[in-house]
Amino acid sequence: MQATDKPALVALVTDALAYYRQPVSEFTLQVWVQACQPFTLEQVQKAMTAHATDPEHGQFAPKVADIVRILQGTHTDRAQLAWGKALEAMSSVDAYTDVIFDDPAIHACIEDLGGWPKVCRTDIKELSHLQHRFCLSHKAYTGRGQFEYPRRLAGDRSPDSEYEKKG
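Residues numbered from 1 in each chain as written. Predicted model: local features only at pLDDT ≥ 70, side-chain atom pairs only at ≥ 80, totals over all residues. Heavy atoms only, no water.

1. Observations concerning the nonpolar core
Note on soluble globular proteins: their nonpolar side chains tend to be buried together.
Part 1 of the argument: Counting 24 residues, the largest nonpolar core has M90, F101, I106, I110, W116 and F134 as its most contacted members.
Part 2 of the argument: Among the secondary structure elements, those contributing two or more residues to this core are α5 (75-92), α6 (104-112), α7 (116-120) and α8 (127-144).
Part 3 of the argument: Not counting chain neighbours up to four residues away, the residues in contact with M90 comprise W83, W116, V119, C120, L127 and L130.
Part 4 of the argument: Grouped together as the second largest cluster of nonpolar side chains are 19 residues, V33, A47, V64 and I67 included. (Core = buried A, V, L, I, M, F, W, Y, C linked by side-chain atoms within 4.5 Å. Buried < 20%, exposed > 50% of the residue type's maximum accessible area, 1.4 Å probe, protein only. Helix = DSSP H or I, 4+ residues; strand = E, 2+ residues; numbered from the N terminus. Contact = heavy atoms within 4.5 Å.)

Written out as structure tokens, the structure reads:
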């Protein structure tokens, strides 16, 4: 969010809370401004509308967490989407090929589960258990913030790993 959008955001939050007959304090506005920094004003406006029209949550005044949930999803949502990416790669790429994902937490999770070749060779009967472990691990990593992870998940017969082994 741009610094020039701050007055518009303050007005938006004030109007939204007035709709729900909630008082607005300086602290409340500061929290909203800080929390909405990663988003554009248009995204926040759309999320406010989505919240107000949500049959389950829209009957209550929006909190910052409600807007972030709408814009980013929950940790569970992101973990399930990450599992979908990993599962797609498992079915389209074999255990012998190196892979690189756009999400570092996927790399860390797969490494924790035994590495790319082992994950790819998981029996279909064990897939739901693997998914559960993957999602728990992904939520933990994304909640942590910064963590170590391999930049590339090496396949079983990667030429690079053969060169590394032989020096």
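This is not the end of the story, as more comes after the structure.
2. Describing the pattern of salt bridges
Part 1 of the argument: Per the counting criterion, the structure on display carries five salt bridges.
Part 2 of the argument: Taking the shortest distance from any N to any O, the salt bridge between E42 and K46 comes out at 3.1 Å. Of this pair, E42 and K46 both sit in helix α3 (residues 41-52), separated by four residues, roughly a single helical turn.
Part 3 of the argument: Owing to a relative accessible area of 48%, E42 belongs among the partly exposed residues under this scheme.
Part 4 of the argument: Residue K85 is joined to D102 by a salt bridge in which the shortest nitrogen-to-oxygen separation is 2.9 Å. Remark: D102 occurs in the loop between α5 and α6 and K85 occurs in helix α5; sequence separation between them is 17 residues. (Salt bridge = Lys/Arg side-chain N within 4 Å of Asp/Glu carboxyl O.)

3. As for the confidence of the model for the protein
Note that predicted coordinates carrying low pLDDT should not be read in detail.
Part 1 of the argument: Looking at the protein as a whole, its pLDDT mean stands at 91, while 94% of the residues score no less than 70.
Part 2 of the argument: Across the protein, the secondary-structure element scoring lowest on mean pLDDT is helix α9 (residues 159-166), at 60, and the one scoring highest is α6, at 96. (pLDDT = per-residue confidence, 0-100.)

4. Concerning the packing of α3 against helix α4 (residues 64-72)
Part 1 of the argument: Running from N to C, α3 and α4 cross one another at 105°; their axes reach a closest spacing of 9 Å. Taken together, the axes of α3 and α4 are roughly perpendicular relative to one another. Only D66, I67, I70 and L71 of α4 make contact with α3, whose side of the interface consists of Q43, A47, M48, A50 and H51.
Part 2 of the argument: For the contact of α3 with α4, the residue count by class is six nonpolar, two polar and one charged. (Axes fitted to C-alpha atoms, helices over the stretch in contact; angles between N-to-C directions. Parallel < 35°, antiparallel > 145°, perpendicular 65-115°, else oblique. Nonpolar A, V, L, I, M, F, W, Y, C, P; charged D, E, K, R; others polar.)

5. Observations regarding helix α2 (residues 26-35)
Part 1 of the argument: Among the residues of α2, L29, W32 and V33 are the ones counted as buried. Each buried residue of α2 sits inside an arc of 95° when the element is viewed along its axis, so together they form one side. Exposed residues lying more than 90 degrees from the buried face of α2 are F27 and Q34.
Part 2 of the argument: Packing partners of the buried residues in α2 comprise α1 (6-19), α3 and α4. (Arc of directions from axis to C-beta.)

6. Side note on α1
Part 1 of the argument: The first and last C-alpha atoms of α1 sit 20 Å apart over 14 residues, in line with the 20 Å expected at 1.5 Å per residue.
Part 2 of the argument: Of the positions making up α1, those classed as buried are L9, L12, V13, A16 and L17. Along α1, the residues classed as buried sweep out an arc of 120° about the axis, all on the same side. Away from the buried face of α1 by more than 90 degrees, exposed residues P7, D15 and Y19 are located.
Part 3 of the argument: Among the structural elements, α2 and α3 are those in contact with the buried residues of α1. (Expected span 1.5 Å × (residues − 1).)

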